[in-house]
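Analysis of the macromolecular model
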Amino acid sequence: MSSQRARRRKAERIRGLMETEGPIINENVSRMNRDRYAAAERFDEYEALRDEARGIKEDAIADLPALLDTLRESVEANGGHLYLADDAADANRYITSVAESENADSLVKSKSMTTEEIEVNEALEGVGVDVWETDLGEFVLQVADESPSHIVGPSLHKSREEIATLFNAVFEPEEPLETADELTEFARDYLGDRIRHADIGMTGANFVLADSGTITLVTNEGNARKSAVTPNTHIAVTGVEKVIPGAAELQPFVDLISKSATGQDISQYVSMLTPPVETPTIDFDRPDDPLGSGDGERDFHLVLIDNGRLDMRDDDQLRETLYCIRCGACANSCANFQHVGGHAFGGDTYTGGIATGWEAGIGGEEAAADFNDLCTGCSRCVNACPVKIDIPWINTVVRDRLNADATPSEFEFLVEGLTPDAEGSVDIQKRFFGNFETLAKVGSATAPLSNWVTSFGPARKAMDRFLGVAPERDLPTFRRETLVDWFESRRPRAPNATAERSVVLYPDVYTNYVLVERGKAAVRTLEALGVHVELASPLESGRAPLSQGMIATATDHAEALTAELDPYLDAGFDVVAIEPSDLAMFRREYEKLVPDEYDRISANSYDVLEYVYGLLENGTSGDALATPTTPVAYHSHCQQRTLGLETYTEAVLDELGFDVETSEVECCGMAGSFGYKSEYYDLSMDVGRELEGAFDDPNRQLVASGTSCTEQLGAVFEDGVVHPVELIAPDGS
Amino acid sequence: MATTDVQTFTTSLADLDVSVSRTDAATAPAAIDEAAVDPAIGAALDIEGISLADTAVETELTPRGLHEAETGVTRADRAVAAYGSLLIRSDDGGTEPLSLYPPNHVAVLRASDVCDDVEASVDRLDEIFGSGGSAVLATGASSTGDMGALVEGVHGPKHVHVVLVEDR
């Protein structure tokens, strides 16, 4: 299949899901995301517990072999069995042998993604066991024969109307089911029957305590408790990574998991079972015998699945995935997920941001290839994750590994001259977007001719066909006079040469070649506040290649830029960035790319409005800055918000008297090159339209911090968008 | 245990729509009878001075009784004030299924068993697990959103009532 056709097919599939499952997924996921913020806000210890939870998982994964030994002793001392399964087939062999030795006809299950992962239902049905999903969401999927679209709410993509239609068609009740109450009551009664007469109960386990053999199940419906304690035999299936030492280590997770997942302070039921449980056996086939009578004895099997996890533990990049507690907060906070759900943004079992790590770990990188691109690296999930997993980095690493396996394109020659990267075999579209710096240089040097050529119909068609550049998307207009050209032509060259504070302004590629005005505004603003400003060379930070998964190329850029900035830092200059995605490189990704330089550059680099805020706070007068002429609608930038920097812009604008309304959408949906790509253009625009609700007052001046946001707001509102520094800069040229 | 724990606890219960009666040991049986919808079944409470023998609650437990009961009456071992959660043991008296199967759950609890938060109950959990015991932190009615709207009363109870016995 040609790459153009593949892209078209992908775009069609995404459009299809946006239309069918998008609206209901959006409603459900956005609500859980809002509730998560509220729950965290109510809970003073939220941030401290995130650190604690992360520490516990780091230690537990490091100590896993010893914890597994302790757990085996505990489970066996309690009278249960522990089986460590190498893979899905091994686990299913063991589970079906238990079912056969019990002569089991039926098994009731509570929701467990790990059992989805090993497809245990099919294995059990293969040996003649009827399997019933008792979680109502899973039951809906079982009836509909569909796969989960969300880790926590597997059937979130289905509306009440769809479920009613499905149930009425399949079960043909005397009175058609309609309301949520009727549907729930029907499912409860139907499944209640099956639970009472099942031979085996199967559950997952959210956490397993090594020192006592206690398994923890977090649920709202009560079906896990019933499945675990009604049949005499209980099989719990979970991944090896779920083991933690004991009750003290469990506490932070009890407090965090539901707040992160659904925004509940705590789930209805946190079951902590040390099986076989003391609860008397219940034989509904002998309804009038006392509870606990008969020959029934409780039997317990804990099946821990490796299935690639122990290799992930040895993998320095994928290891963090094992800290995941499967709360789904990464999915809920993801702008793209909010619009397409897990049937686009997920693999066979796992969905959302962290799914790339899981699917790559258990099924190999290819298993994550199809949906890995839907992570734009906006990083909003980073703060949402209760164990502080750097999910965008895992996605980048998997992207990088997939790049290494890509087949070189037959049209390689088209971008060869433009793409002097360190990664020769990368997909041509990724090489193109990953080398924006070179493109910008050429585009600027040949402007306005380059702008005319690229806006020309046949050229756009070719760009779509060979490079996958969306023909609907306006391309950046390159400026013949760059920021560096302007800066060097100014007289006097250094108006504040004797100032107390010296800044090296970082002219990112966009500011230097495209959005030159915001660069000029930054210079004028800083100088008006008495700062001495110098301009660094316009080198790429590495953001563009990094977002394409080209880690080696990104590292080359990071090394070159830090070498450029080093002498300034030696001389006591502060580094100021205008583009938030580049500042985010200095503060986040440089830790991975240039670890030796990281501490110094992250500690001494600032967002331009953050820097202005600091100056004003320290007594510098803002009198020279511009005063408000119009109310403002401000969209911060996703990576900027992750770093908590939007507050500085708001504070500065507020102090200068601006009337500011700020958007709360997680991300505008553009995230660098995402909206430029043919296959993702529609999704990007769909996400971007969320801003319409936030900014419905046409009298407000649209203001955005990031380049991509500027372009996206421009596309959505067809209106001029400026950087906040352009609002406050004193007049000048 | 500070009195504020109990205040926080009752506020949390109110937020969860869980009704409460505050009693002493002498009036607890009457409070249980008042809260329990017939037919009610229950397990020994193991709280000094209170016996289900003084109530209309059936204590001979059968699967039929479990299936047909409107109310299950059980002891709660501890409570977490911050969330309004009840710690229900899975003991050999049947506390776990009694608190789960019938549509109404009446939990009897001493005021001195109310803890501040989950962290404050870790020692008790350790003790329970260490002796091979099991328990559930149950918070409000069972619920689901899987059928297109929030519905209370799914596989577990639709209504929870707490009889809080003042013992300090």
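About the criteria used
In this convention, every chain numbers its residues from 1, walking through the sequence in written order. Note on labels: chains are lettered from A, ligands numbered from 1, in written order. Thresholds applied to this predicted model are a pLDDT of at least 70 for local features of residues and 80 or more for the giving and counting of side-chain atom pairs; totals over whole chains, interfaces and linings are not thresholded and use all residues. Heavy atoms from the whole structure form the basis of all side-chain values; hydrogens and water molecules are not counted. Elements are defined by DSSP. Helices are runs of H or I of four residues or more, strands are runs of E of two residues or more, and each kind is numbered from the N terminus. The reference for a compact globule is 2.2 Å times residues^0.38; the radius of gyration itself is calculated from the C-alpha atoms. Throughout, exposure labels follow a simple rule: accessible area from a 1.4 Å probe, protein chains only, divided by the maximum for the residue type, with under 20% read as buried, over 50% as exposed, and the rest as partly exposed. What makes two residues a contact is simply this: any of their non-hydrogen atoms within 4.5 Å. Surface exposure here means Shrake-Rupley accessible area, sampled with a 1.4 Å probe, where a residue is shielded only by the protein chains that are shown. His is not counted here, nor are the chain ends, while Lys and Arg score as positive and Asp and Glu score as negative. Charge positions come from single atoms, namely NZ of Lys, CZ of Arg, CG of Asp or CD of Glu. Buried area, as used here, totals the accessible surface that two parts lose on assembly, with accessibility defined by a 1.4 Å probe and the loss added over both. One side-chain nitrogen of Lys or Arg within 4 Å of one carboxyl oxygen of Asp or Glu is enough to make a salt bridge. Classification used: nonpolar for Ala, Val, Leu, Ile, Met, Phe, Trp, Tyr, Cys and Pro, charged for Asp, Glu, Lys and Arg, polar for all others including Gly. At least two bridges found by DSSP between two strands are what make those strands a pair. Here an axis means a line fitted to C-alpha atoms, over the contact stretch when the element is a helix, while the angle between two N-to-C directions is reported on a 0 to 180 degree scale. Note on angle classes: values under 35 degrees are labelled roughly parallel, values over 145 roughly antiparallel, values of 65 to 115 roughly perpendicular, and the remainder oblique. Two helices crossing with the near one rotated counterclockwise from the far one by less than a right angle form a left-handed crossing, whereas a clockwise rotation gives a right-handed crossing. What makes a nonpolar core is a set of buried Ala, Val, Leu, Ile, Met, Phe, Trp, Tyr and Cys residues whose side-chain atoms join them at distances within 4.5 Å. Centre distance within 6.5 Å is the pairing criterion for rings of Phe, Tyr and Trp, where only the six-membered ring of Trp is used; planes under 30 degrees apart are then read as stacked, over 60 as edge-to-face, and the remainder as tilted. For a Lys NZ or an Arg CZ to count as sitting over a ring, it must be within 6 Å of the ring centre and within 35 degrees of the ring normal. Side-chain atoms alone can form a polar contact between residues adjacent in sequence; in general such a contact is a pair of N or O atoms within 3.5 Å, and within protein one must be able to donate a hydrogen while the other accepts it. Any residue with relative accessible area above 30% and no salt bridge may belong to a patch, with like charges joined within 9 Å and the nonpolar Val, Leu, Ile, Met, Phe, Trp and Tyr side chains within 5 Å. Each cavity reported here is a set of points on a 1 Å grid over the protein atoms alone in which a 1.4 Å probe fits but cannot get out, each pocket an open set with protein on both sides within 12 Å along at least five of seven lines, and each lining residue one with an atom within 4 Å of a point. Grid points are joined across faces, edges and corners, and a volume is the space filled by probe spheres set on the points. Arc definition: it is the arc formed by the directions from the helix axis to the C-beta atoms.

The number of helices and strands found in chain B is 5 helices and 11 strands. Here the C-alpha radius of gyration of chain B, 15 Å, is about what a compact globule of 168 residues would show, namely 15 Å. Expressed as a percentage of the 168 residues in chain B, the buried residues total 59%. Long-range contacts, defined here as pairs at least 24 residues apart, represent 75% of the contacts in chain B between residues at least 6 apart. Entry remark: accessible area of chain B is about 6,300 Å², with carbon and sulfur atoms responsible for 46%. Placing the 9 positive and 29 negative side-chain charges of chain B at their respective mean positions leaves the two points 2 Å apart.

Next up on the list: the interface of chain A and chain B. At the interface, 61 residues of chain A touch 48 residues of chain B. Counting each side, the surface lost to burial between chain A and chain B is near 4,600 Å², with a carbon and sulfur contribution of 59%. The largest share of the area that chain A buries against chain B comes from Arg 225, Met 272 and Glu 278 of chain A, three residues that together contribute 14% of it. Linking chain A with chain B are 2 salt bridges, by the criterion used here. One salt bridge in this structure joins Glu 96 of chain B and Arg 225 of chain A, with 2.9 Å as the shortest N-O distance. Elements with a minimum of two residues in the side of chain A that touches chain B: helix H8 (136-144), helix H9 (160-171), helix H10 (180-197), helix H11 (223-229), helix H12 (247-261) and strand S9 (269-273) of chain A. Per element, the largest residue contribution to the side of chain A that touches chain B is 9 residues, and it comes from H10 of chain A. Each residue belonging to the side of chain A that touches chain B can be placed in one class, and the counts come to 27 nonpolar, 16 polar and 18 charged. Bridge count for S9 of chain A against strand S8 (residues 135-138) of chain B is 4 bridges, and the pairing is antiparallel. Looking at the pairing, Val 270 of chain A lines up with Leu 137 of chain B of S8 of chain B.

All names here are of chain B. The parallel open sheet is built from 5 strands, whose spatial order is S1-S11-S6-S3-S2. The sheet is open, and its two edges are formed by strand S1 (19-23) and strand S2 (40-42), each paired on a single side. Averaged over all neighbouring strand pairs, the angle between strand axes comes to 20 degrees, with direction disregarded. Direction of pairing for strand S3 (residues 71-75) relative to strand S6 (residues 104-110): parallel, over a ladder of 5 bridges. For Thr 74, the partnering residue across the bridge sits in S6 and is Ala 107. Sitting on the sheet, helix H2 (residues 28-35) touches S1, S3, S6 and strand S11 (159-165), and the angle it makes with S11 is about 170 degrees.

Here we take up the packing of H9 of chain A against H10 of chain A. Residues and elements named next belong to chain A. Two elements in contact, H9 and H10, have axes separated by 10 Å at closest approach and are oriented at 45 degrees. Accordingly, the angle class assigned to the pair H9 and H10 is oblique. Relative to H10, H9 is oriented so that their crossing is left-handed. Residues Arg 160, Ile 163, Ala 164, Phe 167 and Phe 171 of H9 form the contact with H10, whose own contacting residues are Ala 180, Leu 183, Phe 186, Ala 187 and Tyr 190. Of the residues in the contact of H9 with H10, the class split is 9 nonpolar, no polar and 1 charged.

Bringing the nonpolar core into the picture now. Residues and elements named next belong to chain A. Counting 105 residues, the largest nonpolar core has Leu 71, Val 243, Leu 302, Ile 354 and Ile 389 as the members making the most contacts within it. Top contributing element to this core by residue count: H12, with 7 residues. Not counting residues within four places of it along the chain, the set of residues in contact with Ile 389 comprises Arg 54, Glu 320, Thr 321, Tyr 323, Cys 324, Ile 354, Val 382 and Ile 394. Among the nonpolar cores identified, the runner-up in size contains 36 residues, and Ile 578, Leu 615, Val 652 and Phe 658 belong to it.

What follows concerns the packing of aromatic side chains. All names here are of chain A. Applying the stated criterion across every chain yields a total of 27 aromatic pairs over all chains. An aromatic cluster is defined as three or more aromatic residues linked by ring pairs; in this entry it consists of Trp 132, Phe 139, Phe 167, Phe 171, Phe 186 and Tyr 190. When the ring centre of Phe 284 is taken as reference, the NZ or CZ atom of Arg 196 above it lies at 5.9 Å. The ring of Tyr 269 carries Arg 225 above its face, with NZ or CZ at 4.7 Å from the centroid.

Moving on: helix H32 (residues 608-617) of chain A. All names here are of chain A. The buried fraction of H32 amounts to 7 of the 10 residues, a majority that puts the element mostly inside the structure. Of all the positions in H32, only Val 608, Leu 609, Glu 610, Tyr 611, Val 612, Leu 615 and Leu 616 are classed as buried. Here H32 starts with a cap whose side-chain oxygen sits 2.9 Å from the backbone nitrogen of Leu 609, and that cap is Asp 607. Gly 619 lies just past H32 and shows a positive phi near 100 degrees.

With that out of the way, let us pick up the environment of Ser 134 of chain B. Take Ser 134 of chain B: it is sitting in the loop between helix H5 (122-130) and S8. In this structure, the C-alpha to C-alpha distance between Ser 134 of chain B and Gly 93 of chain B, residues 41 residues apart in sequence, is 13 Å. Residues within four places of Ser 134 of chain B in sequence aside, it is in contact with Met 272, Leu 273, Thr 274 and Val 277 of chain A together with Ile 88, Arg 89, Ser 90 and Ile 128 of chain B. At 2.7 Å, the side chain of Ser 134 of chain B and the backbone nitrogen of Thr 274 of chain A are in polar contact.

A few words now on a negative patch on the surface. Side chains of Asp 105, Glu 119, Glu 122, Glu 125, Asp 130, Asp 145 and Asp 348 of chain A sit close together on the surface and give a patch of like negative charge. Considering the arrangement of structural elements, one finds Asp 105 of chain A in the loop between helix H5 (88-101) and strand S2 (106-109).

The subject of this paragraph is empty space enclosed by the protein. Using a probe with the size of a water molecule, rolled over the atoms, empty space left in the structure can be pinpointed. Residues and elements named next belong to chain A. For the structure shown, the criterion picks out 5 cavities of 30 Å³ or more. Each pocket or cavity is described by its volume, and for the largest cavity that value is around 150 Å³. For the largest cavity, the lining is made up of 20 residues, of which Cys 334, Cys 375, Thr 376, Gly 377 and Cys 378 are closest to its centre. Counting residues per element, the ones that place at least two in the lining of the largest cavity are helix H15 (335-340), helix H18 (380-384) and helix H19 (391-404). Looking at the lining of the largest cavity element by element, the count peaks at 3 residues for H19. Counted by class, the lining of the largest cavity contains 11 nonpolar, 8 polar and 1 charged residues.

All names here are of chain B. Those residues of H2 not exposed but buried are Ala 28, Pro 29, Ala 31 and Ile 32. Projected down its long axis, H2 carries its buried residues within an arc of 160 degrees, all on one side. Looking at H2, the residues exposed on the side facing more than 90 degrees away from the buried face are Ala 30 and Glu 34. Residues of H2 that are buried in the fold lie against S1, S3, S6 and S11.

Turning our attention to the pairing of strand S5 (residues 85-89) of chain B. Consecutive side chains of a regular strand alternate in pointing toward one face of the sheet and then the other. All names here are of chain B. Across the 5 residues of S5, 4 count as buried, placing the element largely inside the fold. In this sheet, S5 lies alongside strand S4 (residues 78-80) in antiparallel orientation, the contact comprising 3 bridges. Across the sheet, Val 80 pairs through a bridge with Ser 85, a residue of S5. In this antiparallel pair of consecutive strands, S4 and S5, the connection spans 4 residues, and Gly 84 shows a positive phi of 70 degrees. Pairing analysis gives 4 bridges linking S5 to S8, with the strands arranged antiparallel. Along S8, the bridge assignment pairs Ile 88 with Val 136.

Our next topic: the sheet that holds strand S12 (residues 532-535) of chain A. Residues and elements named next belong to chain A. Pairing is parallel in the open sheet, where 4 strands are placed in the order S12-S11-S13-S14. Every other strand in the sheet has two partners, leaving S12 and strand S14 (605-607) as the edge strands with one partner each. Ignoring which end each strand starts from, the neighbouring axes of this sheet average 35 degrees apart. With 4 bridges joining them, strand S11 (residues 502-506) and strand S13 (residues 574-577) adopt parallel strand pairing. Across the sheet, the residue bridging to Leu 505 is Val 576, located in S13. With respect to the sheet, helix H27 (residues 516-528) is in contact with S11, S12 and S13, its orientation differing from that of S11 by roughly 175 degrees. Strands in contact with helix H30 (residues 580-593) are S11, S13 and S14; relative to S14, the strand with the most contacts, it is inclined by about 145 degrees.

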